[in-house]
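Examination of the molecular architecture
Residue strings, one per chain:
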Amino acid sequence: MWELARSNKRKSIFLFAGMLLLLVGLGFFAGGAFDPQAGPFLGVTLAMFLWIIQLIISYFAGGSIMLALSGAKPVTRDMHPRLFNIVEEMKIAANLPVLPKIYVIPEEAPNAFATGRNPQKSAVAVTAGLLSRLNRDELQGVIAHEMSHVLNRDILFMTLVGVSLGSIVLLSNIFLRGMFHSGSSSRYRSRGKGGGQAALIFLAIAIVFAILSPIMAQLLYFAISRRREYLADATGVRLTRYPEGLASALEKMSRTDLVLSRVNKVTAALYIVNPLKRKGMQLADLTATHPPISERIKILRSLTYGVNFAAYQKAFESVRGRPASLIPKGGLSDAATVALRAPSKDTGPVEPVPAQRIAGDLIMAASGFTFVTCACGLKMKTPPDFRGNSLRCPKCGKVNSVNAA
Ligand SMILES: [Zn+2]
């Protein structure tokens, strides 16, 4: 485990250096395009200043920002006892120092993510749709995958890198827009001959840089976040000792047509299954933050004898059909194979609708009550004289519309 976190750290430093280089280059040439003498220095200073401010904010509040952006609500043990139970179980298996904070996103599309700063300060969020669709083994597989992101120190990294990517995109947008709106070419002509030429060279390089750097930053980001998804799968199944749980959960998550309503480019990379479905575009593979689900499922399903990093590495290579390194050498040395466990007898959805409630509902329906089922699975009853047209779910907080029936 430690090896994995350490190797991730090395890769993070490399990635940050790459992002930094792009930012410095962007600031240097964009500044030079405005003023060849003082501009490059000012541009670099401004770019660094913006970046550092954003990093500081996301270090201290990145987790809360991600949770707020996704609409996640903190939940208590009484609201979701089985979810708490599974998170506790996986916290012990992963040997985490504290229980991550638990959040539910009031949305029907099944998905989940983890965020936070470190294992002491982490959070996992699952959608209501995930709880009503998965059984115990499947939810455990998803939670173990998320815990692995906490364990492998992915959570802070993914937040900071997402934010850095955002800075690069923002800066190059500002520059390109500024260029084409201010009619800057007239200023170059009015200046001395030498200065004007230098400015034009800077301008040409700056435009190329501004167009290319967001693309390069994204490729860098995507390549590494994809690798982290595989690693979280590999680490997660070591915790559950039941690869089929995660495999079948991923299958259910990929089959749905439901989409998350609150998601953007920065938060998308956090989710266990890519929430941004591209229609039509098949260029997706190069720029996808997530490895293809079918491949992840295939790898998990070929772990038939036992789980450890060496077994996952072998399955990874056989599914890809060529040698590829995924797990760092130190991780492979923990050769003890962990035997698979039998499936849980608990095969129903984690949050089923209790039978008594259904019987009670029939009686109430007969006396004029109407029902509204929230995305989290909670059924709310409205009396015959209810006149409002929206109802806030007491469990997950989502506002549901009520059709007068
Ligand atoms: Zn993940």
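Residues numbered from 1 in each chain as written. Predicted model: local features only at pLDDT ≥ 70, side-chain atom pairs only at ≥ 80, totals over all residues. Heavy atoms only, no water.

1. Quick look at the confidence of the model for the chain
On average, the chain scores 80 in pLDDT, and the residues at 70 or more come to 83%. At the level of individual helices and strands, the chain shows its lowest average pLDDT in helix 11 (residues 284-287), which scores 48, and its highest in strand 2 (residues 101-105), which scores 95. Within the model, the stretch residues 279-286 combines pLDDT values under 50 with 5 contacts to residues more than four positions away or in other chains. Of the regions scoring below 50 in pLDDT, residues 354-358 engages in 5 contacts with residues more than four places distant in sequence or in other chains. (pLDDT = per-residue confidence, 0-100. Helix = DSSP H or I, 4+ residues; strand = E, 2+ residues; numbered from the N terminus. Contact = heavy atoms within 4.5 Å.)

2. As for the coordination of the zinc ion
Those donors, His-145 (NE2), His-149 (NE2), Glu-229 (OE) and Glu-229 (OE), are the protein atoms that reach the zinc ion, and they lie 2.1 to 2.5 Å from it. Along the chain, the residues donating to the zinc ion are arranged with the sequence spacing H-x3-H-x79-E. Of the two residues, His-149 sits in helix 5 (residues 136-151) while Glu-229 sits in helix 8 (residues 193-240), which places them 80 residues apart along the sequence. Among the residues examined, His-149 registers a relative accessible area of 1% and is labelled buried. Exposure remark for Glu-229: the relative accessible area of 1% places this residue in the buried category. (Donors = N, O, S within 2.8 Å, 3.2 Å for Na, K, Ca; no water. Buried < 20%, exposed > 50% of the residue type's maximum accessible area, 1.4 Å probe, protein only.)

3. Looking at the pattern of salt bridges
By the definition in use, this model includes 12 salt bridges. Among the ionic contacts, a cluster of salt bridges with common partners joins Glu-244, Glu-251, Arg-255 and Arg-301. (Salt bridge = Lys/Arg side-chain N within 4 Å of Asp/Glu carboxyl O.)

4. Observations regarding the sheet that holds strand 4 (residues 121-127)
Taken together, the 4 strands give an open sheet; going across it, the order is 1-2-4-3, and neighbouring strands pair in mixed fashion. If you trace the sheet from one side to the other, it starts and ends with strand 1 (73-74) and strand 3 (112-118), each paired once. The pairing of strand 3 with strand 4 spans 6 bridges and is classified as antiparallel. Bridge pairing in strand 4 places Asn-118 opposite Lys-121. Relative to strand 2, helix 3 (residues 81-94) is tilted by about 135°, and along the sheet it contacts strand 2 and strand 4. (Pairing = 2+ DSSP bridges. Axes fitted to C-alpha atoms, helices over the stretch in contact; angles between N-to-C directions.)

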